[in-house]
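Single-letter residue listing:
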Amino acid sequence: MYRNWHRLTDIWRQQLLYENRSAFLQLQNVVNFKIDATHQIPDVLRKRQFVPHDVDTNATEALPKEKRVVICGGGIMGASVAYHLALLGWGPNTLLIEQDVVGGGSPWTASGLAGRFESSYTELKLAEYSVDLIKDLTQKGLPTGWKQVGSLNLARSFDRMTSYNRMKSQGVAWGVDCEILTPEQCKERCPLIEIDDLAGGFWIPADGVCDPQLVCKSFVSEAQRKGVQVIEHCVAKNVRTSHGRVTRIETTAGDVMCDYFVNCTGFWAREVGTLSSPAVKVPLKAVEHHYLHTKKIEGLDPMTPFVRDFDGGVYFREKNGCILAGGFEREAKMAYEDGTVPLSQAERELQPDWDHFHDLLDELLRRVPTFRNATLDRLSNALEAFSPDCKWILGESPEIQNYFVSAGMKTIGVSAAGGIGRSLADMIVKGSTFLDLHILDITRFLGLHNNRKFLKDRCKEVPGKHFQVNYPFDEFQTGRNLRMSPIYPALKEAGAVFGQTMGYERPNYFDVNDKTDEFGIPRFRIAHTNTFGKPPWFDHVASEYKACRERVGIADYSSFTKYDLWSKDREVIDLLQYLCSNDVDVPVGSIIHTGMQNYAGGYENDCSLARLSEKHYMMIAPTIQQTRAMSWIRRHMPNHLRAGVNVADVTSMYTAICILGPYSRVLLSELTDTDLSSKNFPFFTYKELDVSLANGIRTLNITHTGELGYVLYIPNEFALHVYSRLYSAGQKYGIQHAGYYATRTLRIEKFYAFWGQDLDTFTTPLECGRSWRVKFNKPINFIGREALLKQREEGVKRMYVQLLLNDHDHEVDLWCWGGEPIYRDGKYCGMTTTTGYGFTFAKQVCLGFVRNFDEAGNELPVTNDYVLSGHYEVEVAGIRFEAKVNLHSPNVPTKFPDRERAAYHATRDKPDQADLLTYETKF
């Protein structure tokens, strides 16, 4: 390692002197530092800049002057994108450049697992397509190394078996052949393993193994056959832009004009992102990852399944008569922590670290005792890059239009390559793709996620998550205490137990027990569920829920995305009318709840707009929309409005405090001079208030839960003062802190959908009972109007419902956590989205979508009568519970009825039903 370090230092020194000689000499004079054989580059210089290297060999052919698409990176992802662009007829318009040789990675540093089961439907479908594509290439006679050996997934614990049973329920619903095994059946599938400590296993017979290098080269050969040009030994040096779009790529072989650029450089994607202006943020960090290879083992079955011992963190497979094994440590070992990355494929391989690998080796020997007699060939140590949430990264960058990214494959790129390649090709050629991809889209990140020190902290933990039990509401332990509202210290002192969303610390619930450390100082505590049954925080949430329903609760909503949009003339109104499906041209002081639809009618955003003045709006959107919504607005802003409309992200300027419950109005009345009666300040309206001694408090008469209350958007400098006065004045009303889990339960009972959980880019307002929010007769046609009109005429193919589980004992039965199959009259018809325990109903409440499949599996229109005429069950880890279905917002009983809230329903009986509440409503 010491020798490698000095080698990298020498390489860096040569590159720096070659590329930036004059600038460096000037800096050398300033710091009085001389480079010679006895000195090293100071850290302050060495860790900052990525400089592409000039390759030793000339490019394999001349660079064309112009291509429609330039793909950078000749690994399996770049090859797949090129192949799929060629399938769509863009082969002659596509150029693939590679700094070394296509598919030139080391054959010792890939597991070759081509498996289809992933943690979400989106990832599963991408992997399923990838596996089917590899099989198809194999059948055509192309080299892939494919063998359908199946995957055997072992379990040592009850919770792991529970997760397998949940996967089995999903797999059956999604058409994936899978089976739960006993320990003895696991032994039958793979006689090599020891089963004394096993609880069982999970078998996926359609999984297999392949050679990623062969698959990559097959993609490329097929792409070239269809016209794609491939140039090796060609390094991208700059990505040039004009008016926010890609225009030209500068390389070591010359320049090429293009309309689209695809960053498929994998391990180097973050650094390649810095070659443009503005830089494209691709949050990745390299960690060491080991692969153990044995010599040939006599009698080893070539059809030995791919075995994963998740609880031991290890896996192994047969490869050419040998065993290839590896695993994921609880805490990964970081590589190149100073930020400098190696510039060639060869330098990605480090010396093996047996001290770091020994825990995994112990687990391998424990699981397969015969390994003790095997002869070791080598232990390879290769660098692998992980994203901060352990998911793939793909999509169009928010910084530059027509700049696409595919990265963060977390060691299993071959399982993702086909599906992601198809998706990116579809985005480029068609503008849309066959799946909702928002959970993988690069816009799910903020700039903070690309911070080098954040990545260094977080990515130590991420690889270990790959094999851990996927408990509900799982939280990362690293990268915490990053974004905090001004009232965070007070909330922590009050007993807050935190979750993190978009880097923001948000109270999930409050526990006044054990809230201080040994010195009496409030502790930072991270929320944990760690069960598939009744969670440990149940009683705390029940208490908070009761306060919100019967007294007054106070919650921190600060993480919500907040934008200001304004213009000098009508431009902002015209823009929002074009982007939003609801009518935004309403009286000043109104709040409009609206979707921003895509061209297929699906939700790109679901938000609330408060009209602050004639030409000024405030938008409130889900936390995870902070990057995504801004990108959507800017990309779809008509040219004639660009100069006139201002859009500002004010998320970090305001602290949002929600007070909710039957006493919230009288509480706020004590602290403001404004008349808060329903006549003067009705539901779904906005006012700017003075609260206690503070002013300029943007106050919205909504709570996003269906309860009476207000959300106060407070300038940060006033936040602690307003919070303190609210909490102090609320004591006489029994005020109580409420966390995210409690407010989530409230909205589930009220049948309120939420973007990213219930709504996505494929869900339309007509499918979820919100057609009344779509104004087809607006003076400006909005995005998606034609698609929604067509759907209204043809009928919807799925419908959003609420299900209340009967005969489910929340104390002993496994809970619904989302993603459970729904059965109608014994036949699969859909999946749950958001679920929770409804404290008023005293039942598990599930939200989800119901479909109508014929015998051939084709989707038919879904009507109200169809939904209401069925008998429903929800399957939880293999056990089905009878459920009552609701099509519309139910009547949730309360001791404190409120006519204003009772008049509002999130869903409506008739698509053309007029608003039940308007600005002029009087009570």
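Note that the coordinates shown come from a computational prediction; the quantities given were computed from them, not determined experimentally. Just so you know, the residues in each chain are numbered from 1, in the order the chain's sequence is written. Local features are withheld for residues below a pLDDT of 70 in this predicted model, meaning they are given only at 70 or higher, and side-chain atom pairs are given and counted only at 80 or more; totals for whole chains, interfaces and linings count all residues. Calculated side-chain values reflect all of the structure's heavy atoms, with hydrogen atoms and water omitted.

Chemist: Help me understand the packing of aromatic side chains, please; the structure alone is not making it clear to me.
Modeler: Two aromatic rings are characterised by how far apart their centres lie and by the angle between their planes. Note on aromatic pairs: the rings of Phe, Tyr and Trp (six-membered ring only in Trp) are paired at centre separations within 6.5 Å, and the planes decide the class, stacked below 30 degrees, edge-to-face beyond 60, tilted for the rest. Applying the stated criterion across every chain, the model contains 43 aromatic pairs. Both rings, one in Phe473 and one in Trp817, keep their centres 5.8 Å apart while their planes meet at 90°; by these two values the pair is edge-to-face. Linking Phe473 in the loop between helix 13 (462-465) and helix 14 (488-493) with Trp817 in the loop between strand 34 (798-805) and strand 35 (821-824), this pair joins segments that are 344 residues apart in sequence. On the basis of an interplanar angle of 45° and a centroid distance of 5.3 Å, the ring pair of Phe538 and Phe839 is categorised as tilted. Note that Phe538 is positioned in helix 15 (residues 538-550) and Phe839 in the loop between strand 36 (827-838) and strand 37 (843-853), a separation of 301 residues in sequence. Connected via pairs of aromatic rings, a cluster forms that spans Phe473, Tyr509, Trp537, Phe538, Tyr545, Tyr740, Tyr741, Trp815, Trp817, Tyr837 and Phe839. Geometrically, a charge over a ring is one whose NZ (Lys) or CZ (Arg) sits within 6 Å of the ring centre while staying within 35 degrees of the ring normal. Directly above the ring of Phe849 sits Arg798, whose terminal nitrogen or CZ lies 4.2 Å from the centroid. Numbering of helices and strands runs from the N terminus; a helix is a DSSP stretch of H or I covering at least four residues, while a strand is a stretch of E covering at least two.

Chemist: Looking at this model, I keep getting lost on the sheet that holds strand 1 (residues 69-72). Mind explaining?
Modeler: Paired through backbone hydrogen bonds, the strands of a sheet run either parallel or antiparallel to each other. If you walk across this open sheet you meet the 6 strands as 8-2-1-12-20-19, and the pairing is mixed. What marks the edges here is a single partner per strand, and that holds for strand 8 (229-232) and strand 19 (393-396). When the angles between neighbouring strand axes are averaged without regard to direction, this sheet yields 15°. The pairing criterion is simple: DSSP has to find at least two bridges between the two strands. In the sheet, strand 19 pairs with strand 20 (residues 403-407) via 4 bridges, with the strands oriented antiparallel. By the bridge assignment, Gly395 is partnered in strand 20 with Val405. The axes are straight lines fitted to the C-alpha atoms, using for helices just the contacting stretch, and the angles between their N-to-C directions are given from 0 to 180°.

Chemist: Would you mind going over the sheet that holds strand 27 (residues 616-621) with me for this structure?
Modeler: With antiparallel pairing, the 5 strands of this open sheet are ordered in space as 25-26-27-24-28. Whereas interior strands pair on both sides, the edge strands pair on one side only; in this sheet they are strand 25 (591-597) and strand 28 (645-649). Looking at each pair of strands side by side, their axes are set apart by 25° on average, direction ignored. Bridge count for strand 24 (residues 561-567) against strand 27 is 6 bridges, and the pairing is antiparallel. Considered in strand 27, the bridge of Asp564 is made with Met618. When checking whether two residues touch, look at their non-hydrogen atoms; a contact exists if any pair is within 4.5 Å. Lying over the sheet, helix 17 (residues 628-635) contacts strand 24, strand 25, strand 26 (603-613), strand 27 and strand 28, oriented at roughly 170° with respect to strand 28.

Chemist: How should the confidence of the model for the chain be read in this particular structure?
Modeler: Interpreting fine coordinate detail is not advised for predicted regions of low pLDDT. On average, residues of the chain carry a pLDDT of 90, and 91% of them reach 70 or more. Residue range residues 1-39 is modelled with pLDDT below 50. Its contacts to residues more than four positions away, or to other chains, number 46 contacts. Predictor confidence is given residue by residue as pLDDT, running from a minimum of 0 to a maximum of 100. In this model, residues 911-923 is a region of pLDDT below 50 whose contacts with residues beyond four sequence positions or in other chains number 30 contacts.

Chemist: I keep staring at the pairing of strand 30 (residues 686-691) and nothing clicks. Help me out?
Modeler: Successive side chains on a regular strand alternate, one facing one side of the sheet and the next facing the other. Relative to strand 31 (residues 694-700), strand 30 runs antiparallel, the two being bridged by 5 bridges. The residue bridging Glu688 from the neighbouring strand is Arg698, located in strand 31.

Chemist: What exactly am I supposed to notice about the side chain of Asn508 here?
Modeler: Its location among the elements puts Asn508 in strand 22 (residues 504-510). Residues contacting Asn508, with those up to four places away along its chain left out, are Glu475, Val497, Phe498, Gly499, Ala527, Gly739, Tyr740 and Tyr741.

Chemist: Could you clarify how one ought to interpret the nonpolar core in this entry?
Modeler: When a protein is soluble and globular, its nonpolar side chains tend to lie buried together. What makes a nonpolar core is a set of buried Ala, Val, Leu, Ile, Met, Phe, Trp, Tyr and Cys residues whose side-chain atoms join them at distances within 4.5 Å. For every residue, the accessible area obtained with a 1.4 Å probe (protein chains only) is divided by the maximum for its type, and the residue is called buried under 20%, exposed over 50%, and partly exposed between those limits. Ranked by internal contacts, the top residues of the largest apolar core, which has 48 residues, are Ile71, Phe219, Val262 and Ile420. When residues of this core are traced back to their parent elements, those giving at least two are strand 1, helix 4 (76-87), helix 5 (121-139), helix 8 (212-225), strand 12 (260-263) and helix 11 (413-430). Setting aside its immediate chain neighbours within four residues, Phe219 contacts Ile76, Ala79, Ser80, Tyr83, Leu133, Leu137 and Ala417. Listed in part, the 40 residues of the second largest apolar core include Tyr471, Tyr741, Leu746 and Trp817.

Chemist: Just checking my understanding: could you explain the packing of helix 4 against helix 11 for this structure?
Modeler: Between two packed helices, both the angle of their axes relative to each other and the distance between the axes serve to describe the pair. At a minimum axis distance of 8 Å, the contact between helix 4 and helix 11 shows a crossing angle of 45°. Here helix 11 runs oblique to helix 4, going by the angle between their axes. Between helix 4 and helix 11 lies a crossing whose hand is right-handed. On helix 11, the residues touching Ile76, Met77, Ser80, Val81, His84 and Leu85 of helix 4 are Gly413, Val414, Ala417, Gly418, Ile420, Gly421, Arg422, Leu424, Ala425, Ile428 and Val429. In terms of residue class, the contact of helix 4 with helix 11 is made up of 11 nonpolar, 5 polar and 1 charged. Orientation is classified from the angle alone, with under 35 degrees giving roughly parallel, over 145 giving roughly antiparallel, 65 to 115 giving roughly perpendicular, and any other angle giving oblique. If you view the pair so one helix is near and one far, a crossing is left-handed when the near helix is turned anticlockwise from the far one by less than a right angle, and right-handed when it is turned clockwise. Here the nonpolar group is Ala, Val, Leu, Ile, Met, Phe, Trp, Tyr, Cys and Pro; Asp, Glu, Lys and Arg are the charged ones; every other residue, Gly included, is treated as polar.

Chemist: Where do I start with the environment of Asp196 in this structure?
Modeler: Looking at the secondary structure, you find Asp196 in the loop between helix 7 (183-189) and strand 6 (200-204). For the pair formed by Asp196 and Asn263, sequence separation is 67 residues and the distance between their alpha carbons is 47 Å.

Chemist: It is not clear to me how the pattern of salt bridges should be interpreted in this structure. Could you clarify?
Modeler: Oppositely charged side chains are able to pair whenever their charged atoms sit close together. In the sections that follow, a salt bridge refers to a side-chain nitrogen of Lys or Arg positioned within 4 Å of a carboxyl oxygen of Asp or Glu. One pass over the full model with this rule turns up 53 salt bridges. Arg156 is paired through a salt bridge with Asp309; the nearest N and O atoms lie 2.6 Å apart. Pair noted here: Arg156 is in the loop between strand 4 (151-155) and helix 6 (158-174) and Asp309 is in strand 14 (residues 306-309), with a separation of 153 residues, a long-range link. Of the residues examined, Arg156 reaches a relative accessible area of 19% and is grouped as buried. Owing to a relative accessible area of 2%, Asp309 belongs among the buried residues under this scheme. With a shortest N-O distance of 2.8 Å, Arg240 and Glu250 are connected by a salt bridge.

Chemist: Looking at this structure, how should I read the state of the cysteines?
Modeler: Note on terminology: disulfide describes a covalent bond linking the sulfur atoms of two cysteines. Only a pair of cysteine sulfur atoms within 2.5 Å counts as a disulfide in this structure description. Under the defined criterion, the tally for this structure stands at 0 disulfides. Cys178 takes part in no disulfide bond, and the closest cysteine sulfur to it belongs to Cys186, at a distance of 14 Å. On the basis of relative accessible area, Cys178 is assigned to the buried category, the value being 8%.

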